[in-house]
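Chain by chain, the residues run as shown.
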Amino acid sequence: MLANLFLHYAFDAWMAKQHPTVRFERYVDDAVVHCVSDRQARRLATAITDRLAEVGLRLHPDKTRIVDCKDGKRRAAFEHTSFTFLGFTFRARKARGRNDRNFTSFLPAISNDALHKASAQVRSFRLHQRTGHTLTELAHASNPIVRGWMGVLRRVLQLRAAAPPRSAATTTCCAGSARTTSGCTGSSGPSDAGTASPAVPPACSRTGSGTAAW
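Right, let's walk through the structure included here. Because the structure is predicted, anything quoted here is derived from the model rather than measured. (Residues numbered from 1 in each chain as written. Predicted model: local features only at pLDDT ≥ 70, side-chain atom pairs only at ≥ 80, totals over all residues. Heavy atoms only, no water.)

What follows concerns the pairing of strand E1 (residues 24-27). Of the two faces of E1, both are covered, the one formed by Phe24 and Arg26 as well as the one formed by Glu25 and Tyr27. Sheet topology places E1 next to strand E2 (residues 30-35); 4 bridges connect them, and they run antiparallel. Across the sheet, the residue bridging to Tyr27 is Asp30, located in E2. Between E1 and E2, which pair antiparallel one after the other, the connecting turn spans 2 residues, and Val28 there sits at a positive phi close to 55 degrees. (Buried < 20%, exposed > 50% of the residue type's maximum accessible area, 1.4 Å probe, protein only. Helix = DSSP H or I, 4+ residues; strand = E, 2+ residues; numbered from the N terminus. Pairing = 2+ DSSP bridges.)

Take a look at the structure:
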């Protein structure tokens, strides 16, 4: 909570003031900022690095990267073409258009780590050993967990279905994580995006109106 409050003023408010046309999402110390070009992404990454240094933070060297939102129309080679945010991996994936033709778009899906964790949790139910319970009792015990997963996945599928093909302008994004110089880090997990507000800073901030990233 303290990390989120601090970053709301140290990052969200700064972005809204210094880069009002740039869109970004932040959950505690994980953030994605959307950029229209590689040049803008690199310039913004430098600006964010300097800003965090001013408040005693630094970008995580392993998690911070500039990612090309590659799709079927973007064939140029780029070092990074995917990133993971809040348990979902965004990368080029097969999609079906309104004319029922397949094409390649930049889309999210559950990440391998999140899938393994979900599988491990299902195995922990040990349903095959609970022979003394009825199907209704087993469903009653597991439904709250499964319902939570399906709620998140359903929202992602709705976004994928509603999202139009990306224009050539939405080309580059960087993903990163802030870390205090003392080594303290925040945690992240699935959450609906909120709107950054000076009065009530949300755990997941979504502000701006353009495209860019960190």
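Helix H2 (residues 38-54) packs onto helix H1 (residues 2-18) with a crossing angle of 140 degrees between their chain directions and a minimal axis gap of 10 Å. One finds that H1 runs oblique with respect to H2. The handedness of the crossing between H1 and H2 is right-handed. Between H1 and H2, the residues in contact are Tyr9, Ala10, Phe11, Trp14 and Met15 and Ala47, Ile48 and Arg51, respectively. In terms of residue class, the contact of H1 with H2 is made up of 7 nonpolar, no polar and 1 charged. (Axes fitted to C-alpha atoms, helices over the stretch in contact; angles between N-to-C directions. Parallel < 35°, antiparallel > 145°, perpendicular 65-115°, else oblique. Left-handed = near helix turned anticlockwise from the far one by under 90°. Contact = heavy atoms within 4.5 Å. Nonpolar A, V, L, I, M, F, W, Y, C, P; charged D, E, K, R; others polar.)

As for its position among the elements, Arg26 is in strand E1. Owing to a relative accessible area of 1%, Arg26 belongs among the buried residues under this scheme. Within the structure, Arg26 has its side chain in polar contact with the side chain of Asp12 (distance 2.8 Å). A distance of 2.7 Å separates the side chain of Arg26 from the backbone oxygen of Val28, its partner in a polar contact. (Polar contact = N/O pair within 3.5 Å; in protein donor to acceptor, adjacent residues only side chain to side chain.)

Moving on: the pairing of E2. The buried fraction of E2 is high, at 6 of 6 residues. Neither face of E2 is left uncovered, since the one carrying Asp30, Val32 and His34 and the one carrying Ala31, Val33 and Cys35 both have all their residues buried.

Attention shifts here to the packing of aromatic side chains. Working definition: an aromatic ring pair is given by the centre-to-centre distance plus the angle between the planes. Considering all chains together, one arrives at 3 aromatic pairs under this definition. On the numbers, 4.9 Å between centres and 5 degrees between planes, the contact of Phe83 with Phe90 is stacked. The buried category is assigned to Phe83, whose relative accessible area is 8%. Among the aromatic residues, those joined into a cluster by ring pairs are Phe83, Phe90 and Phe106. (Phe/Tyr/Trp six-rings, centres within 6.5 Å; stacked < 30°, edge-to-face > 60°.)

This paragraph deals with the nonpolar core. Judged by nonpolar contacts, the single largest core of 16 residues is most densely connected at Phe11, Met15, Val33, Leu44 and Ile48. If you list the elements that add at least two residues to this core, you get H1, E2, H2 and strand E3 (57-59). Counting 9 residues, the second largest nonpolar core, distinct from the first, contains Val28, Phe85, Leu86 and Phe106. (Core = buried A, V, L, I, M, F, W, Y, C linked by side-chain atoms within 4.5 Å.)

Tracing the backbone shows Leu52 in helix H2. The spatial distance from the C-alpha of Leu52 to the C-alpha of Phe11 is 7.6 Å, given a sequence separation of 41 residues.

We now examine the pattern of salt bridges. Tallied over the entire structure, the rule returns 3 salt bridges. Put simply, Arg42 and Asp38 hold a salt bridge, and the shortest N to O gap is 2.9 Å. In this pair, Arg42 and Asp38 are both assigned in helix H2, 4 residues apart and thus about one turn of the helix distant. The salt bridge partner of Arg51 is Glu54, with a shortest N-O separation of 3.3 Å. Of this pair, Arg51 and Glu54 both sit in helix H2, 3 residues apart, which is roughly one turn of that helix. Judged by relative accessible area, Arg51 falls into the buried class, the value being 17%. By relative accessible area, which is 59% here, Glu54 ends up exposed. (Salt bridge = Lys/Arg side-chain N within 4 Å of Asp/Glu carboxyl O.)

By themselves, these figures tell us nothing about what the structure is for.
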